[in-house]
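# Structural characterization, general
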Amino acid sequence: MTLYELDPELPWSYIRGFQPVSLCDWPGHISCVLFFGGCNLRCPTCHNSKIAWNPIELPPIPSEKIFSFLQKRKSWLDGIVLTGGEPSQVPKLGSLISELKTVGLPIKFDTNGLEPEMVKTFICSELIDIVAVDIKGPWSKYPDLTGGKCSEERARISLSYLLELAQDWPEYFYFRTTWVPKLSQPDIEEIRSYLPQKQTLHLQDYVPPEKHSKTNSMLDFQVIPPKTETNPTMVQDEGY
Ligand code: SF4
């Protein structure tokens, strides 16, 4: 199998999927979606495990193709979504976003929220227009929900920082939770209690990953089934 290494000097090398058009990655927007390889968590419920954990098995999408597409199609797009994997783990991501901003489209940043300073920097420097933060569950359940990769304390400290920012800058934040089997109704209520008054918790239905195993194995073949909010899929070099 050919492997395609991630180059920490080249943030574009982390893009391992590109969806030219999405109607659900940015509610109310027609967006295109860039999928970044790599993740700092190991959620047992992950739907994008290949791009999150084995991105080197997927070829990078050349930046020339992305820019060519964006220049041609930007008039009917409302924005660009950066997702993963976990885009906050990409070295020099800010420089990549700066380049993307030259296209003139708003940018949405999807994150698990464990790099809150980065989010603040991106907002303050006007690199992103909105950030969607996944709250996995009550802080106490983070070790279980993230494959042991995030402690209760880290979740509480990182996410609380973002929740405080959201109090001051509500227009920049969108909080969401996927209702995985390990979460109960009281858990959802506990998550809601974390949010500032004017924020809504957007719940996403959970679909078991095994139903998407075909999706993941098909990435190499560049064929993409329909996408839902809980089934982020991606295109590998379709000649868009
Ligand atoms: S944070 Fe997201 S991409 Fe990373 S392992 Fe969890 S579900 Fe998968």
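Details of the structure are given in the entry above.
Structural notes, computed from the coordinates. Small disclaimer: the values here were computed from a predicted structure and weren't measured.

## Observations regarding a nonpolar patch on the surface
Taken together, the side chains of Val-21, Leu-23, Ile-30 and Trp-76 present a nonpolar region at the surface, about 350 Å² in accessible area. Looking at the secondary structure, you find Ile-30 in the loop between strand 1 (15-22) and strand 2 (31-36). The partly exposed category is assigned to Ile-30, whose relative accessible area is 31%.

## Observations regarding helix 6 (residues 152-168)
For helix 6, with 17 residues, the first-to-last C-alpha span of 25 Å sits near the 24 Å given by 1.5 Å per residue. Looking only at helix 6, the buried set comprises Ala-155, Ser-158, Leu-159, Leu-162, Leu-163, Leu-165 and Ala-166. Projected onto a plane normal to the axis of helix 6, the buried residues spread over an arc of 155° and lie on a single side. In helix 6, those exposed residues whose orientation departs by more than 90 degrees from the buried face are Glu-164, Gln-167 and Asp-168.

## Quick word on helix 2 (residues 63-73)
Of all the positions in helix 2, only Ser-63, Ile-66, Phe-67, Phe-69 and Leu-70 are classed as buried. End-on view of helix 2: buried residues confined to an arc of 160°, all on one side of the axis. Exposed residues pointing more than 90 degrees away from the buried face of helix 2 are listed as Glu-64 and Lys-72. Check the buried side of helix 2 and you find it contacts strand 1, strand 2, strand 3 (79-84) and helix 3 (93-101).

Reading guide: rules and limits
Residues numbered from 1 in each chain as written. Predicted model: local features only at pLDDT ≥ 70, side-chain atom pairs only at ≥ 80, totals over all residues. Heavy atoms only, no water. Patch = residues over 30% accessible without salt bridge, like charges linked within 9 Å, V, L, I, M, F, W, Y side chains within 5 Å. Areas by Shrake-Rupley, 256 points an atom, 1.4 Å probe, with all protein chains shown as cover. Salt bridge = Lys/Arg side-chain N within 4 Å of Asp/Glu carboxyl O. Helix = DSSP H or I, 4+ residues; strand = E, 2+ residues; numbered from the N terminus. Buried < 20%, exposed > 50% of the residue type's maximum accessible area, 1.4 Å probe, protein only. Expected span 1.5 Å × (residues − 1). Arc of directions from axis to C-beta. Contact = heavy atoms within 4.5 Å.

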